[in-house]
Every structure is written in structure tokens, then in C-alpha cells.
Amino acid sequence: MLIALGAGTVNWRTLALGVPADPISLAFDGVLVALLGAYLVAIARLSKRGRAWSGASGCAYVAGLAILFFALGSGFSRYDDTNPLVHVVQHVLVMMVAPPLIVLGRPLVLFAQAGSRRLQRATIR
């Protein structure tokens, strides 16, 4: 099925399954996975110390990373050069939607609380 958005035509199958396989896109996806993994490891370390982490913060962080993946690493990004509407939506997602969600996830607070004393001091500085 095709849909016309702006100047270009968007294929729903490409949106769902068209993850770019070029090296830059794969590197970006790898960075997102690493950030998510580090966040989850920090939550696990914090829980080992007997401290709980806010579920709302975790959900906000994961949602921010998911929006970044959708905008820049999924099939949606295949249309950013050919469809002006997709390009504008990408800008809105990357600059106005994902950053506040990531900040609400409080990753620096989590890493400071889950880290060693040395890391905590370095983070405070």
C-alpha cells in the first residue's frame, strides 16, 4: 500500500521493514543499543544495592531512544531526502520530542547513583 505525503510517495512496507543497512545507520543503531544497555545495567546495579529506580524515568528514557531510532534508524529515514514532510517530522522528533524524554529519564543521575565512588565524584565535578 502506498500513501502520498508531501511531494513523495511512502510505502508502508518500507516504513515497517526498511531499516537502512549502510555503515553509518548501523553504527547509529549500535550506539542506541549501547545506551539502552548501559541504562539497564545501571538500573540492575542500583537494584543490587537495594535502591529502586523510577519506572516513569525508565519509560521516558526508553521512549526517547525509541523515537530517535524511529526518526533516524528505521524505514522512516529512507524518505527524508525525497519527502519534505517526512524530513520536517524527523526534525521535530529529533529536536523537540526525543530530548525532553531522554532528560526525563535522568541518565546522569542514574549513572552517578549506580557508579563507583570515583565515577560519582567525577560526575559531580
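The structure displayed is predicted, hence computed values, not measured ones.

Parameters at a glance
- Residues numbered from 1 in each chain as written.
- Predicted model: local features only at pLDDT ≥ 70, side-chain atom pairs only at ≥ 80, totals over all residues.
- Heavy atoms only, no water.
- Core = buried A, V, L, I, M, F, W, Y, C linked by side-chain atoms within 4.5 Å.
- Buried < 20%, exposed > 50% of the residue type's maximum accessible area, 1.4 Å probe, protein only.
- Helix = DSSP H or I, 4+ residues; strand = E, 2+ residues; numbered from the N terminus.
- Contact = heavy atoms within 4.5 Å.
- Patch = residues over 30% accessible without salt bridge, like charges linked within 9 Å, V, L, I, M, F, W, Y side chains within 5 Å.
- Areas by Shrake-Rupley, 256 points an atom, 1.4 Å probe, with all protein chains shown as cover.
- Salt bridge = Lys/Arg side-chain N within 4 Å of Asp/Glu carboxyl O.
- Axes fitted to C-alpha atoms, helices over the stretch in contact; angles between N-to-C directions.
- Parallel < 35°, antiparallel > 145°, perpendicular 65-115°, else oblique.
- Nonpolar A, V, L, I, M, F, W, Y, C, P; charged D, E, K, R; others polar.
- Phe/Tyr/Trp six-rings, centres within 6.5 Å; stacked < 30°, edge-to-face > 60°.

Right, let's talk about the nonpolar core for a bit. Formed by Leu32, Tyr39, Ala42, Leu46, Trp53, Tyr61, Leu65, Leu68, Ala98, Leu110 and Ala114, the largest nonpolar core amounts to eleven residues. Residue assignment for this core shows that the elements contributing at least two residues are α2 (23–48), α3 (55–72) and α5 (107–114). The element contributing the most residues to this core is α2, with four residues. Contact partners of leucine 65, with chain neighbours within four places excluded, come to Leu32, Leu35, Leu36 and Ile102.

This part takes up the environment of glycine 73. Among the secondary structure elements, glycine 73 is positioned in the loop between α3 and α4 (84–104). You can call glycine 73 buried: its relative accessible area is 0%. Spatially, the C-alpha atom of glycine 73 lies 6.5 Å from that of valine 19, the residues being 54 residues apart in sequence. Beyond its immediate sequence surroundings of up to four residues, glycine 73 is in contact with Val19, Pro20, Phe28, Asp29 and Leu68.

A surface patch of nonpolar side chains, amounting to about 410 Å² of accessible area, comprises Val88, Val92, Met95 and Met96. For valine 92, the location among the structural elements is in helix α4. Taking relative accessible area as the criterion, valine 92 reaches 37% and is therefore assigned partly exposed.

This brings us to the packing of α2 against α3. Direction vectors running N to C along α2 and α3 enclose 175°, while the axes themselves pass 10 Å from each other. Looking at the two axes, α2 sits roughly antiparallel to α3. Residues Phe28, Asp29, Leu32, Leu35, Leu36 and Tyr39 of α2 pack against Ser57, Gly58, Tyr61, Val62, Leu65, Leu68, Phe69 and Leu72 of α3. Residues belonging to the contact of α2 with α3 are distributed by class as follows: eleven nonpolar, two polar and one charged.

Take the environment of leucine 110 next. Examined against the element boundaries, leucine 110 turns out to sit in helix α5. By relative accessible area, leucine 110 is classed as buried at 0%.

Bringing the packing of aromatic side chains into the picture now. Counted according to the given criterion, the structure contains three aromatic pairs. Their ring planes at 80° and their centres at 6.5 Å tell us that tyrosine 39 and phenylalanine 111 sit as a pair that is edge-to-face. Placement of tyrosine 39 in helix α2 and of phenylalanine 111 in helix α5 is noted, with a sequence separation of 72 residues between them. One aromatic cluster in this structure is built from Tyr39, Tyr61 and Phe111.

Right, let's get into unusual backbone geometry. With a phi angle near 50°, arginine 106 is a residue other than glycine that sits in the positive phi range. Along the chain, arginine 106 falls in the loop between α4 and α5. Owing to a relative accessible area of 36%, arginine 106 belongs among the partly exposed residues under this scheme.

In short, shape yes, function no, at least from these values alone.
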